[in-house]
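Structural overview for review
The lines below spell out each chain.
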Amino acid sequence: MSFRWIVSYAVILCIPVILSIIIYSQTRGIVQFEIERASSAMLHQVKYIVEGELQQMESLATQLSIHPEVRSLLATPVNESAYQIYKMKQELNKLLSTNDFIKDIYVYSKPLQSVLSSETYVKARLFYEMKHQTQTFTYEDWVELITQDQSGSYVLIPVENQGKFAYTPTYIRSLPIQTGGDTSGKLLIPLNTEKIMTMLANIDWVKQGQVFIMDTNGQILIRNTEEGTIEPSSYKAWTEHRSGAFTDSFQGIKSMITIESSDITGWKYISVFPTNVFWERAEAIRTMNILGLLLCFAIGGAVIYYFARKNYDPVRQLVNVFSRSSLRENRPDLDEYTFIRRSVLETIRERDDINNKHVQQLLVLQNYYLGRLLKGQTDRNVPLKELAKVHNLPWTTDHFAVLLFYIDSNEGDINDLALSQFIVSNIVKDTVGRHLTIHFADVDGMLAAVINIDPDRTEQWKEDIEDDLAQAYEFISFRYKLRFTSVGSELQIGLNGVHQAFLQALEAQEYRMVLGEGMLIWYGDIKPSESSYFFTVNDQMILINYLKADEFEKAKHMIDNVIQHAFQKEMSHEIAKCVLLDVATTLIKTIPDQDQAGIAWDEWRPLKRLLSCSTKMEFRQELLDIFDRVCHVIRSKQNGQTSAGIGEKVTKFVEENFSDKNLSVSLIGDQFRLTPQYVSRLFREQMGQVGLHDFISQTRVEAAKVLLLEGASIDDTAARVGFASSHAFIRVFKKYEGITPGKYKMIQ
């Protein structure tokens, strides 16, 4: 194993070695890039300075071309004025003193055949002999130069300087500036090459290479050294490049050549440096890298051996701790680290499996115990602390309350009740658990919660629960499209009180019919008092007489009063159900025997629909439906007239107004000036066996199916097709389609 440690450390040591090699391999490219960038920056600086000076010089030439003294000199036909010449020389000297980039200024006058400079004023031939006469530049060349029309260009002419002649870039232009006609003179401005050479000498790179300035004709105007002559073939390739850097041979030496072109003058600024100038630095870096790598290998090898021997001892001891004869026999090639890892993972896995099984068993045990405790089937003589410890219930007091949850979906029936209960129980536990200790249990498919209440919070525990349930309800309704109604007991003392609290919660949930659906109903809020059966036989006779006397409005008003009385808080829900069923049977008994045979009782099922109601609104709607049917039968007996075509008119009216929540058989009867019962009977006779009330409901359901397929929500669909509530819509939809709207959307 010690050898493995040495190899591992050696691999780690190789990482910086490999990085050093890669870094060195990139050094040459980086150095070359930096040299090219520095050379380009230098040339750009030279170009900027030179072009700035050239622009000033050309501006000076423009000023001289319009100078009145110059124009006067050029306009003199024969004799010149000595005073005028003196003033011009003074003016030229002044201009030279302000611009050291200019060596001199020559003004040639064609009428006078003379040249005026800052130093002298002589005839043109004598000036040539004094300043420009060489074997390669003849007088004829001079005459041709000063007589040709020039709009402003640069030429190389020999210029005398301290007894020596040097070809100097000279700016030349015709005078005066005009668009046509003969010129009367020339302006020549030789550049101060010494100034340019001094400027180039101040740049570090120039000392190790050469810098050239080339005009647009491929002629070298300026160079930073005068050593030797340059053959045009040596720099012929430069004219093919505009800007950039490349490597080429120059005068037999491999060099880095960088070119910058001017967008103003068209000149090219060229730097030439031998490549060995900057590769010397790369060679120095390579030498340092090699020495550093050798030093790393020497020192690193010693350190690797030392730490490998030192660090292996704890590993050997750890192997002895986890050593198992079976593993060594089954896996003889197993190394120490793999052996330790396998042993540790097996130990952790066994521990996690035991913990998970313990948690699952504990949850099952808690649910079973809480279920039996709620039903009053446990031994309640065992001390509270002992029970809490055995079942891992953090109960600290003997004050208890019970909550029951009834879960419903915003989109119809719940597809997975267990999942819905899991969602509600976990979210409610997170919110309520911040203030109170709460545990959930499944009691015969019903979600129940046992709450342990600290004595210090007995005055405000209800407010805490209401606030927490409001937060949980808002989140669950928005996120999971679920809604729930909770019913709660009063505060009870001791384990015996848990069963009593459960019974109170069960009794409170029965009063959802009376109080309607809400987020939380407390048993203490219902407190039913002793109530009597208020719908007596006399009341039944009054209702029947109203119907027989055709006083339907009074009968309807009486039914509304009965419903209002039945849903008062102090009314027992059992008596309320009996009263409402009694009202329904009283209405049905008023239908004549001969007409009862024509009613499709299996399709209508009025009592079954009435018993399935759970809220005041549902009970009222079903009773009014029975009332409308009864009124229809009674009125149809009183009016035997017929109305041809009334069925089609009613059909059209329903199809146009089905979204009106007030649409009913009575409203249609008023529309066609017929009693509701009579118009309903005529509709059934002319359009088939479907009743008018059913036709209205079917029309709304068909319209709702279209909206559901378009993605509308259940609440929005119910409102748009004329239902008073989403509950009524779900009930009617399920009646005619056999499934809830939510399932219909899912199937489609």
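Residues numbered from 1 in each chain as written. Predicted model: local features only at pLDDT ≥ 70, side-chain atom pairs only at ≥ 80, totals over all residues. Heavy atoms only, no water.

1. Regarding the packing of aromatic side chains
Tallied over the entire structure, the rule returns 16 aromatic pairs. Ring centres 6.3 Å apart and planes at 50° place the aromatic pair Tyr-128 and Phe-137 in the tilted group. Judged by centre distance (5.2 Å) and plane angle (55°), the ring pair of Tyr-154 and Tyr-171 falls under tilted. Taken together, the residues Tyr-154 in strand E4 (residues 153-161) and Tyr-171 in strand E5 (residues 164-175) connect sequence positions 17 residues apart. Side by side, Tyr-154 and Tyr-171 carry an identical accessibility label, which is buried. By way of ring pairs, the aromatic residues Phe-405, Phe-440, Tyr-473 and Phe-484 are connected into one cluster. Over the face of the ring belonging to Tyr-480 we find Arg-479, whose NZ or CZ atom lies 5.8 Å from the ring centre. Here Lys-481 stacks its cationic end above the ring of Phe-478, 5.9 Å away from the centre of that ring. (Phe/Tyr/Trp six-rings, centres within 6.5 Å; stacked < 30°, edge-to-face > 60°. Helix = DSSP H or I, 4+ residues; strand = E, 2+ residues; numbered from the N terminus. Buried < 20%, exposed > 50% of the residue type's maximum accessible area, 1.4 Å probe, protein only. Lys NZ or Arg CZ within 6 Å of the ring centre and 35° of its normal.)

2. Observations regarding the pairing of strand E15 (residues 482-488)
Among the seven residues in E15, seven count as buried, and that is most of the element. Side-chain alternation along E15 places Leu-482, Phe-484, Ser-486 and Gly-488 on one buried face and Arg-483, Thr-485 and Val-487 on a second face that is also buried. Of the pairings in the sheet, the one linking strand E12 (residues 399-409) to E15 comprises seven bridges and is antiparallel in character. Pairing of Ile-407 across the sheet is with Phe-484, part of E15. (Pairing = 2+ DSSP bridges.)

3. Section: unusual backbone geometry
Positioned with a positive phi, Gln-113 is a non-glycine residue whose angle comes to about 55°. Within the secondary structure layout, Gln-113 lies in the loop between strand E1 (106-109) and strand E2 (114-116). With phi around 55°, Lys-481 is a residue other than glycine that occupies positive phi space. Tracing the sequence through the fold places Lys-481 in the loop between helix H12 (461-480) and E15. On the basis of relative accessible area, Lys-481 is assigned to the partly exposed category, the value being 39%.

4. Things to note about the environment of Ser-477
Along the chain, Ser-477 turns up in helix H12. Sequence-wise, Ser-477 and Ser-409 are 68 residues apart; in three dimensions their C-alpha atoms are separated by 8.7 Å.

5. Focus on the pattern of salt bridges
Per the counting criterion, the structure on display carries 15 salt bridges. A salt bridge links Arg-629 to Asp-625; the shortest N-O distance between them is 3.5 Å. Remark: Asp-625 and Arg-629 occur in helix H22 (residues 616-638); sequence separation between them is four residues, near one turn of the helix. Looking at Arg-629, the relative accessible area reads 18%, which means it is buried. Residue Glu-702 is joined to Lys-705 by a salt bridge in which the shortest nitrogen-to-oxygen separation is 3.6 Å. Pair noted here: Glu-702 and Lys-705 are both in helix H26 (residues 692-709), with a separation of three residues, about one helical turn. Relative accessible area serves as the criterion here: at 16%, Lys-705 is assigned to the buried category. A single network of salt bridges, built from pairs that share partners, joins Asp-625, Arg-629, Asp-694 and Lys-735. (Salt bridge = Lys/Arg side-chain N within 4 Å of Asp/Glu carboxyl O.)

6. Digging into the side chain of Asp-539
Considering the arrangement of structural elements, one finds Asp-539 in helix H16 (residues 537-548). For the buried residue Asp-539, which engages in no salt bridge, the nearest side chain bearing the opposite charge is Lys-589, 13 Å off. Asp-539 has contacts with Phe-534 and Met-558, leaving out every residue within four places of it along the chain. (Lys, Arg positive; Asp, Glu negative; His and termini not counted. Contact = heavy atoms within 4.5 Å.)

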